[in-house]
Amino acid sequence: MTASMERPRVQECVVAACAYNRTGDCHAFAITIGSSDHAHCHTFIRMPESGGVDTLVAQVGACQRADCRHNSRLECHAPGIRVGPDNDLADCMTYDRR
Ligand code: SF4
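Summarised in this report is the structure supplied together with it. Being a predicted model, the structure only gives us computed values, none of them experimental.

Procedures and definitions
- Residues numbered from 1 in each chain as written.
- Predicted model: local features only at pLDDT ≥ 70, side-chain atom pairs only at ≥ 80, totals over all residues.
- Helix = DSSP H or I, 4+ residues; strand = E, 2+ residues; numbered from the N terminus.
- Rg over C-alpha atoms; globule rule 2.2 N^0.38 Å.
- Buried ≥ 20, exposed ≤ 12 C-beta atoms within 10 Å, placed from the backbone.
- Near = placed C-beta within 6 Å.
- Nonpolar A, V, L, I, M, F, W, Y, C, P; charged D, E, K, R; others polar.
- Core = buried A, V, L, I, M, F, W, Y, C linked by C-beta atoms within 7 Å.
- Contact = placed C-beta atoms within 7 Å.
- Pairing = 2+ DSSP bridges.

1. Section: the overall build of the protein chain
Consideration 1: Helix and strand content of the protein chain: zero helices and nine strands.
Consideration 2: Going from the N terminus to the C terminus, the protein chain shows its helices and strands as β-β-β-β-β-β-β-β-β.
Consideration 3: Over its C-alpha atoms the protein chain spans a radius of gyration of 13 Å, differing by no more than 12% from the 13 Å that the globule rule assigns to 98 residues.
Consideration 4: Counting every position in the protein chain, which comprises 98 residues, the buried fraction comes to 31%.

Following this line, the structure appears as structure tokens:
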């Protein structure tokens, strides 16, 4: 049997323009963070319809920012993350360069 792993939650996302965002919460099942030059949220999308599941709060599925001190083997180990505008409209604000 495979042990389940608790993933870091998106504790807050202030990017109201995203289809997954409702009242400061991300409702995607999981998000992906990372670009070559900053901690971009790749799950961010502008669409007319709402996305995700109302009863879920998103978790960090994967993160490509290997230079973040919370990152190990391209997985996030922070207690939780916040998403908002930084280099881009939707970035991981918890990113902390080693
Ligand atoms: S805190 Fe660091 S490792 Fe976690 S999602 Fe943000 S950039 Fe990635």
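2. Brief notes about the site of the ligand
Consideration 1: Residues in close proximity to the ligand total 14 residues, the closest being Cys63, Cys68, Cys76, Cys92 and Tyr95.
Consideration 2: Here the residues of the shell around the ligand sort into ten nonpolar, three polar and one charged.

3. Section: the nonpolar core
Consideration 1: In terms of nonpolar packing, the biggest core is built from 21 residues, with Val10, Cys26, Ile31 and Val83 touching the most fellow members.
Consideration 2: Setting aside anything within four residues of it in sequence, one finds Cys26 in contact with Val10, Cys13, Tyr20, Asn21, Ile31, Val57, Ala58 and Val83.

4. Here we look at the environment of Gly34
Consideration 1: One can find Gly34 in the loop between strand 4 (30–33) and strand 5 (59–63).
Consideration 2: Sequence separation of Gly34 and Glu6 is 28 residues, and the distance between their C-alpha atoms is 20 Å.

5. Description of unusual backbone geometry
Across residues other than glycine, the phi torsion is negative in most instances, and most of the peptide bonds are trans.
Consideration 1: Here the phi dihedral of Thr23 falls at roughly 45 degrees; this positive angle occurs in a residue that is not glycine.
Consideration 2: With respect to the helices and strands, Thr23 occurs in the loop between strand 2 (21–22) and strand 3 (25–26).
Consideration 3: A tally of 6 C-beta atoms within 10 Å means that Thr23 is categorised as exposed.
Consideration 4: The backbone phi angle of Arg73 is positive, close to 55 degrees, even though this residue is not glycine.
Consideration 5: For Arg73, the position within the fold is in the loop between strand 6 (71–72) and strand 7 (75–76).
Consideration 6: Residue classification places Arg73 among the exposed residues on the basis of 6 C-beta atoms within 10 Å.

6. Some points on the pairing of strand 8 (residues 80–84)
Consideration 1: The side-chain alternation of strand 8 yields one buried face, formed by Ile81 and Val83, and one unburied face, formed by Gly80, Arg82 and Gly84.
Consideration 2: Direction of pairing for strand 1 (residues 9–13) relative to strand 8: parallel, over a ladder of four bridges. When the bridges of strand 8 are listed, Val10 appears paired with Ile81.
Consideration 3: Examined bridge by bridge, strand 8 and strand 9 (residues 91–92) share two bridges and lie antiparallel to one another.

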